[in-house]
Amino acid sequence: MATKNELIDNPVRQEVNITRIFDAPRELVFKMWTDPELLKTWWGPKGFTNPVCNFDVRAGGNIHVVMQGPDGTRYPMGGYYHEIIEPERIVFTSLKEDDEGNAEIEVHNTVTFSDENGKTRMTLHAVVMKSTPEAVAAIQGMNTGWNQSIDRFADLLASINK
């Protein structure tokens, strides 16, 4: 049995799969995922900000984000990049952390980008690999959170790609 703050293999395979087609060039859609200045403007659910937002976008590079909800609650996140293949694929691990920096959820994320008749098909596949028993609510909100983030992504992309 897991103790508090101990990551264990996730007994239920929680996944998020999102595919969107954007009327924008693949290079720009890819850039939205790799430019830290752009990432901080769309990362996180609706109404969230990112007062701390550090993305070292390269294989082996670290991720450190503190998202802040509309009520002021802070949600720290860490992680690291496994693979960056421009403009085709990004693979990274994200770690939802508690206030002391202990990982509560480990998620393996793959984002792919392909040309589709002059538009870009972006596919996000996120799989919870490990979690603590206390992380159930966060895992249950993962699909909604990612979809709201991608909605914000789409809005920013539309404003840039006029």
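Structural notes, computed from the coordinates. (Residues numbered from 1 in each chain as written. Predicted model: local features only at pLDDT ≥ 70, side-chain atom pairs only at ≥ 80, totals over all residues. Heavy atoms only, no water.)

**Describing the overall build of the protein**
Part 1 of the argument: Scanning the protein for helices and strands turns up 4 helices and 8 strands.
Part 2 of the argument: Its C-alpha atoms give the protein a radius of gyration of 16 Å, within 12% of the compact-globule value 15 Å for 162 residues.
Part 3 of the argument: Counting only C-alpha atoms, the protein reaches 50 × 30 × 25 Å along its principal axes.
Part 4 of the argument: The buried share among the 162 residues of the protein stands at 43%.
Part 5 of the argument: Of all intrachain contacts in the protein linking residues separated by at least 6 positions in sequence, the fraction that spans at least 24 positions is 52%.
Part 6 of the argument: Here the protein carries 16 positive and 23 negative side-chain charges, and the mean point of each set is 5 Å from the other. (Helix = DSSP H or I, 4+ residues; strand = E, 2+ residues; numbered from the N terminus. Rg over C-alpha atoms; globule rule 2.2 N^0.38 Å. Buried < 20%, exposed > 50% of the residue type's maximum accessible area, 1.4 Å probe, protein only. Contact = heavy atoms within 4.5 Å. Lys, Arg positive; Asp, Glu negative; His and termini not counted. Charge placed at Lys NZ, Arg CZ, Asp CG, Glu CD.)

**Notes on the packing of aromatic side chains**
In this description, an aromatic ring pair is defined by two values, namely the gap between the centres and the angle between the planes.
Part 1 of the argument: Tallied over the entire structure, the rule returns 14 aromatic pairs.
Part 2 of the argument: An angle of 45° between the planes, with centres 6.5 Å apart, marks the rings of W33 and F92 as tilted. Of this pair, W33 sits in helix 1 (residues 26-34) while F92 sits in strand 6 (residues 89-97), placing them 59 residues apart in sequence. The two residues W33 and F92 agree in class, both being buried.
Part 3 of the argument: Relative to F55, the ring of W43 has its centre 5.2 Å away and its plane inclined at 65°; by these criteria the two rings are edge-to-face. With a gap of 12 residues between them, W43 in the loop between helix 2 (36-42) and strand 3 (49-55) and F55 in strand 3 connect regions that are remote in the sequence. (Phe/Tyr/Trp six-rings, centres within 6.5 Å; stacked < 30°, edge-to-face > 60°.)

**Points about the pattern of salt bridges**
Part 1 of the argument: Scanning all chains against the criterion turns up 7 salt bridges.
Part 2 of the argument: A salt bridge links E83 to R89; its shortest N-O distance comes to 2.7 Å.
Part 3 of the argument: We classify R89 as partly exposed; its relative accessible area is 32%.
Part 4 of the argument: Of the charged contacts, one joins E116 and R121 as a salt bridge, the two residues approaching to 2.8 Å between their closest N and O atoms.
Part 5 of the argument: Residue E116 is classed as partly exposed on the basis of its relative accessible area, which comes to 25%.
Part 6 of the argument: R121 sits in the partly exposed class, given a relative accessible area of 29%. (Salt bridge = Lys/Arg side-chain N within 4 Å of Asp/Glu carboxyl O.)

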